[in-house]
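# Structural overview for review
One-letter residues, chain by chain:
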Amino acid sequence: MLIVRRGTRQERDRIRQEIVETFQTWYVGFSPLLRMAARPWRPPLEVYEDERGLVVRAELAGLREDEIEVIVNDSTLQISGVRRPREEGQRRTYHEMGIAYGPFEAEVLLPFPVDLDAVEAVYERGFLEVRLPRLSHMRTVPLRPATEP
């Protein structure tokens, strides 16, 4: 008679936890600076329209205004910069790392033409808010008298 012994639920959970801990130890052992060099991260955004135009809010905590670049052209808004760890160079072992560091970028396609001269960007309490007013395409066209043939 063949007996197959199946692990208990406790044993499976213990093994699963050991695997997770082993992976975390391996992954967390890398320097955050090495992990952040891989590619730019994208900050959380809110994009909505109000009566004046488009509003884009980006969550960019821990940055100074001079570390953020905002570029607007005819069809896109680009937000970029670099968030550096507070204390670089210290050796540490992370148990959890949910804050993204390194270069970031976000691009928003503009759904309508905006008045580039009236765009405003304000950075306050960790949020960047960019207001992009609609370009008014309405103008009065004067009528001229018809010429007789």
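The present account deals with the structure reproduced in this document.

### A closer look at the overall build of the protein
Helix and strand counts for the protein stand at two helices and seven strands. Going residue by residue from the N terminus, the α and β elements of the protein occur as α-α-β-β-β-β-β-β-β. Within the protein, the fraction of its 149 residues that count as buried is 23%. Taking contacts inside the protein between residues at least 6 apart in sequence as the whole, the part at least 24 apart equals 59%. As displayed, the protein offers around 12,400 Å² of accessible surface, 51% of which is attributable to carbon and sulfur atoms.

### Concerning the nonpolar core
In terms of nonpolar packing, the biggest core is built from 18 residues, with Val56, Leu60, Ile68, Leu77, Ile79, Leu128 and Leu132 touching the most fellow members. Elements represented by at least two residues in this core include exactly strand S2 (53-59), strand S4 (76-83), strand S5 (102-109) and strand S7 (127-133). Among residues more than four places away in sequence, those in contact with Leu77 are Val56, Val70, Ile71, Val72, Ala106, Glu107, Val108, Leu110, Val130 and Leu132.

### Let's talk about the packing of aromatic side chains
Enumeration according to the criterion identifies one aromatic pair in this entry. With centroids separated by 5.2 Å and ring planes inclined at 45°, the aromatic side chains of Trp41 and Phe104 adopt a geometry described as tilted. Of the two residues, Trp41 is situated in the loop between helix H2 (32-36) and strand S1 (45-49) and Phe104 in strand S5; the sequence distance between them amounts to 63 residues. When sorted by exposure, Trp41 lands in the same class as Phe104, which is buried. We note Arg57 situated over the ring of Phe127; from NZ or CZ to the ring centre the distance is 4.6 Å. Across from the ring centre of Phe112, 4.3 Å away, lies the NZ or CZ of Arg134, which sits over that ring.

### Quick word on the sheet that holds strand S6 (residues 120-124)
Judged by pairing direction, the sheet is antiparallel, and its four strands sit side by side in the order S1-S2-S7-S6 without closing on themselves. A strand with exactly one partner marks an edge of an open sheet, and here the two such strands are S1 and S6. Neighbour to neighbour, the strand axes of the sheet diverge by 15° on average, direction disregarded.

### Describing the sheet that holds S4
Where strands meet in a sheet, backbone hydrogen bonds hold them as pairs that are either parallel or antiparallel. Reading across from one edge, S3-S4-S5 is the order of the three strands in this open sheet, with antiparallel pairing throughout. For this open sheet the edge positions go to strand S3 (68-72) and S5, each flanked by a neighbour on one side alone. In this sheet, neighbouring strand axes are inclined to one another by 10° on average, regardless of whether the strands run parallel or antiparallel. With eight bridges connecting them, S4 and S5 associate as antiparallel partners. Bridging from a neighbouring strand, Ile79 pairs with Ala106 of S5.

### So, the side chain of Asp50
Assignment of secondary structure puts Asp50 in the loop between S1 and S2. A polar side-chain atom of Asp50 sits 3.0 Å from the main-chain amide nitrogen of Arg52.

Reading the values: the criteria
Residues numbered from 1 in each chain as written. Predicted model: local features only at pLDDT ≥ 70, side-chain atom pairs only at ≥ 80, totals over all residues. Heavy atoms only, no water. Helix = DSSP H or I, 4+ residues; strand = E, 2+ residues; numbered from the N terminus. Buried < 20%, exposed > 50% of the residue type's maximum accessible area, 1.4 Å probe, protein only. Contact = heavy atoms within 4.5 Å. Areas by Shrake-Rupley, 256 points an atom, 1.4 Å probe, with all protein chains shown as cover. Core = buried A, V, L, I, M, F, W, Y, C linked by side-chain atoms within 4.5 Å. Phe/Tyr/Trp six-rings, centres within 6.5 Å; stacked < 30°, edge-to-face > 60°. Lys NZ or Arg CZ within 6 Å of the ring centre and 35° of its normal. Pairing = 2+ DSSP bridges. Axes fitted to C-alpha atoms, helices over the stretch in contact; angles between N-to-C directions. Polar contact = N/O pair within 3.5 Å; in protein donor to acceptor, adjacent residues only side chain to side chain.

Note that every value here comes from positions in space, so none of it alone points to a role or purpose.
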